[in-house]
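What follows is the residue order along each chain.
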Amino acid sequence: MKKKVLVTGGAGFLGSHLCERLLNDGHEVLCMDNYFTGGKQNIAHLLSNPYFELIRHDVTMPYFVEVDEIYNLACPASPIHYQYNPIKTIKTSVMGAINMLGLAKRIRAKILQASTSEVYGDPTIHPQTESYWGHVNPIGPRSCYDEGKRCAESLFVNYHAQNNIRIKIMRIFNTYGPRMHPNDGRVVSNFIVQALKGEDITVYGNGRQTRSFCYVDDLITGMILLMNTDDSIKGPINVGNPSEFTILQLAQQVIDLTGSKSKIVYEALPTDDPMQRQPDITLAKEILNWEPKVKLEEGLKKTIEYFKNTIS
Ligand code: NAD
Ligand code: UDP
């Protein structure tokens, strides 16, 4: 069945892939963005599609439209960008959630929240399961993002409890791929851009902290599967790739795959940088019948190709 779908943050990295996939699946897509970290270049190839509509709008302001489903992705995701204007980041998560949940209530749409592994903070259990409440510093430099996303989850479950809104909460773990912002400071884009330019590869701390990297195509598949679950499934559900690597291993792999002469240099570890992160995806396997397919090497090769063509 053809659905009308609103994607907030649709001109961003994940949002643009989601819009593309939904259009390919035969749906009508309304992409809303204020272009803070996203851009028209990410969705330029979709503009000629008559079932694609672009709306310049800030999610902190109310918005009304008739749709069947809402994917709420609007929020800067990289530490550099979300710390640039922390109050705005909180407003985007909290007021954005209130506005989109209010819309969902009014038009009786189903709504999915792009939450994050950051709700676990610097985790004390490993790997992280959905039942873990997290270890977040509420006054640290990452708190505008972590606490904003935690409050958004609370809004979602309470709109469901009080108003019976059909909700889906997805906890996204580090995802990478084409259309990441080249200057947003996230580790995969940073290392690839540095390697391609022959600049030093900046490893923060000793590089022994870990992350688990999911390729964007896998993530989008999981997101759509979650939206399509029956109404009893609300989440939160972790979606990410459980293959865990140290940041130093990632740096070495990027150097090997690009054939770069770049050297690794060590810089200070940012405050509250989580030491380890790996999703437990038991629930996603059981409920969504989903698990990631793309191995890090394959995903990195595709991402390197993308950056080769976009930076020069
Ligand atoms: P991104 O920065 O590329 O995309 C975010 C988009 O939201 C951008 O297009 C930006 O312009 C838009 N936006 C920001 N503030 C807005 C506002 N007030 N009103 C309207 N639009 C606004 O980041 P991304 O990686 O695509 O992340 C998308 C979502 O997924 C975010 O909510 C993020 O928190 C979540 N997420 C991403 C990751 C990841 O690894 N990529 C991990 C966990 C969670
Ligand atoms: N990192 C790094 N060098 C960089 C950028 C990031 O060593 O140039 C590290 C960062 O300190 C963190 C990890 O890579 O430990 C992932 O950082 P990112 O900002 O991509 O995501 P997050 O910390 O939000 O998981």
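How each quantity is defined
Residues numbered from 1 in each chain as written. Chains lettered and ligands numbered in written order. Predicted model: local features only at pLDDT ≥ 70, side-chain atom pairs only at ≥ 80, totals over all residues. Heavy atoms only, no water. Helix = DSSP H or I, 4+ residues; strand = E, 2+ residues; numbered from the N terminus. Buried < 20%, exposed > 50% of the residue type's maximum accessible area, 1.4 Å probe, protein only. Polar contact = N/O pair within 3.5 Å; in protein donor to acceptor, adjacent residues only side chain to side chain. Contact = heavy atoms within 4.5 Å. Pairing = 2+ DSSP bridges. Right-handed = clockwise from strand over helix to strand, strands pointing away. 1 Å grid on protein atoms, 1.4 Å probe; cavity = no way out; pocket = protein on both sides within 12 Å on 5 of 7 lines; lining within 4 Å. Points joined across faces, edges and corners; volume = space filled by probe spheres on them. Nonpolar A, V, L, I, M, F, W, Y, C, P; charged D, E, K, R; others polar. Expected span 1.5 Å × (residues − 1). Salt bridge = Lys/Arg side-chain N within 4 Å of Asp/Glu carboxyl O. Axes fitted to C-alpha atoms, helices over the stretch in contact; angles between N-to-C directions.

Would you take a moment to explain the side chain of Ser-212 for this structure?
Inspection of the secondary structure assignment puts Ser-212 in strand S9 (residues 210-212). On the accessibility criterion, Ser-212 (1% relative accessible area) is buried. Polar contacts involving the side chain of Ser-212 include one to the main-chain carbonyl oxygen of Arg-277, which spans 2.7 Å. Beyond its immediate stretch of four places on either side in the chain, Ser-212 contacts Asn-174, Asn-241, Pro-242, Ser-243, Glu-244, Arg-277, Gln-278 and Pro-279.

Which parts of the structure should I look at to understand the pairing of strand S6 (residues 167-172)?
Put simply, side chains in a regular strand alternate between the two faces of the sheet. Most of S6 is tucked away, with six of its six residues classed as buried. Residues Ile-167, Ile-169 and Arg-171 line one face of S6 and the alternating positions Lys-168, Met-170 and Ile-172 line the opposite face, and both faces are buried. One ladder, built from six bridges, connects strand S5 (residues 110-116) with S6; its direction is parallel. Counted as the bridge partner of Gln-113 is Ile-169 from S6. Handedness of the S5-helix H4 (residues 143-163)-S6 crossover: right-handed. Where S6 lies against strand S11 (residues 237-239), three bridges are found, and the strand directions are parallel. Its bridge partner lying in S11, Met-170 is registered against Ile-237.

Would you mind going over the layout of surface pockets with me for this structure?
Unoccupied space between atoms shows up once a probe the size of one water molecule is rolled over them. Empty space within the second largest pocket amounts to approximately 170 Å³. If you go around the second largest pocket, you meet 14 residues; those closest to its centre are Asn-241, Ser-243, Pro-292, Val-294 and Lys-295. Split into classes, the residues belonging to the lining of the second largest pocket amount to seven nonpolar, two polar and five charged.

I keep staring at helix H1 (residues 13-24) and nothing clicks. Help me out?
Residue pairs three or four apart in sequence face the same way in an α-helix, which turns once every 3.6 residues. Counted at 1.5 Å a residue, the expected span for H1 with its 12 residues is 16 Å, and the 17 Å between its end C-alpha atoms agrees. Summarising burial for H1: nine of the 12 residues are buried, a large majority. For H1, the full list of buried residues reads Phe-13, Leu-14, Gly-15, Ser-16, His-17, Leu-18, Cys-19, Leu-22 and Leu-23. Just downstream of H1, Gly-26 is the residue with a positive phi angle, here 95°.

Just to check I follow, could you spell out the environment of Tyr-82 for this structure?
Among the secondary structure elements, Tyr-82 is positioned in helix H2 (residues 79-84). In this structure the C-alpha to C-alpha distance between Tyr-82 and Ser-48, which are 34 residues apart in sequence, comes to 32 Å. Setting aside chain neighbours within four positions, we find Tyr-82 in contact with Pro-76, Ala-77, Thr-89, Glu-118, Pro-141, Arg-142, Cys-144 and Tyr-145.

How do you make sense of the pattern of salt bridges when you look at a structure like this?
Pairs can form between side chains of opposite charge once their charged atoms are near each other. Per the stated rule, a full pass over the model turns up 13 salt bridges. Here Asp-273 makes a salt bridge to Arg-211, at a shortest N to O gap of 3.2 Å. Within this pair, whereas Asp-273 is found in the loop between strand S13 (264-267) and helix H8 (282-288), its partner Arg-211 is found in strand S9, the two being separated by 62 residues in sequence. Take Asp-273 and Arg-211: they sit in the same class, and that class is buried. Among the charged side chains, a salt-bridge network with shared partners connects Glu-118, Arg-142, Arg-211, Asp-273 and Arg-277.

Where do I start with empty space enclosed by the protein in this structure?
Overall, the coordinates contain one cavity of 30 Å³ or more when judged by the stated rule. In this model, the largest cavity occupies a volume close to 30 Å³. Residue lining of the largest cavity: Asn-72, Ala-74, Cys-75, Thr-92, Ser-93, Gln-113 and Lys-149, and that is the complete set. A per-class count over the lining of the largest cavity returns two nonpolar, four polar and one charged.

Just to check I follow, could you spell out the sheet that holds S6 for this structure?
Spatial strand order, S3-S2-S1-S4-S5-S6-S11: seven strands in an open sheet with parallel pairing. Every interior strand has two partners, whereas the edge strands, strand S3 (52-56) and S11, have only one. Neighbour-to-neighbour, the strand axes of this sheet turn through a mean angle of 20°, independent of strand direction. In this structure, strand S1 (residues 4-8) lies alongside strand S4 (residues 69-72), joined through four bridges in parallel fashion. Looking at the pairing, Thr-8 lines up with Asn-72 of S4. Contacting S1, strand S2 (28-33), S3, S4 and S6, H1 crosses the sheet at an angle of about 170° to S1.

No statement about biological role is implied by the geometric values presented.
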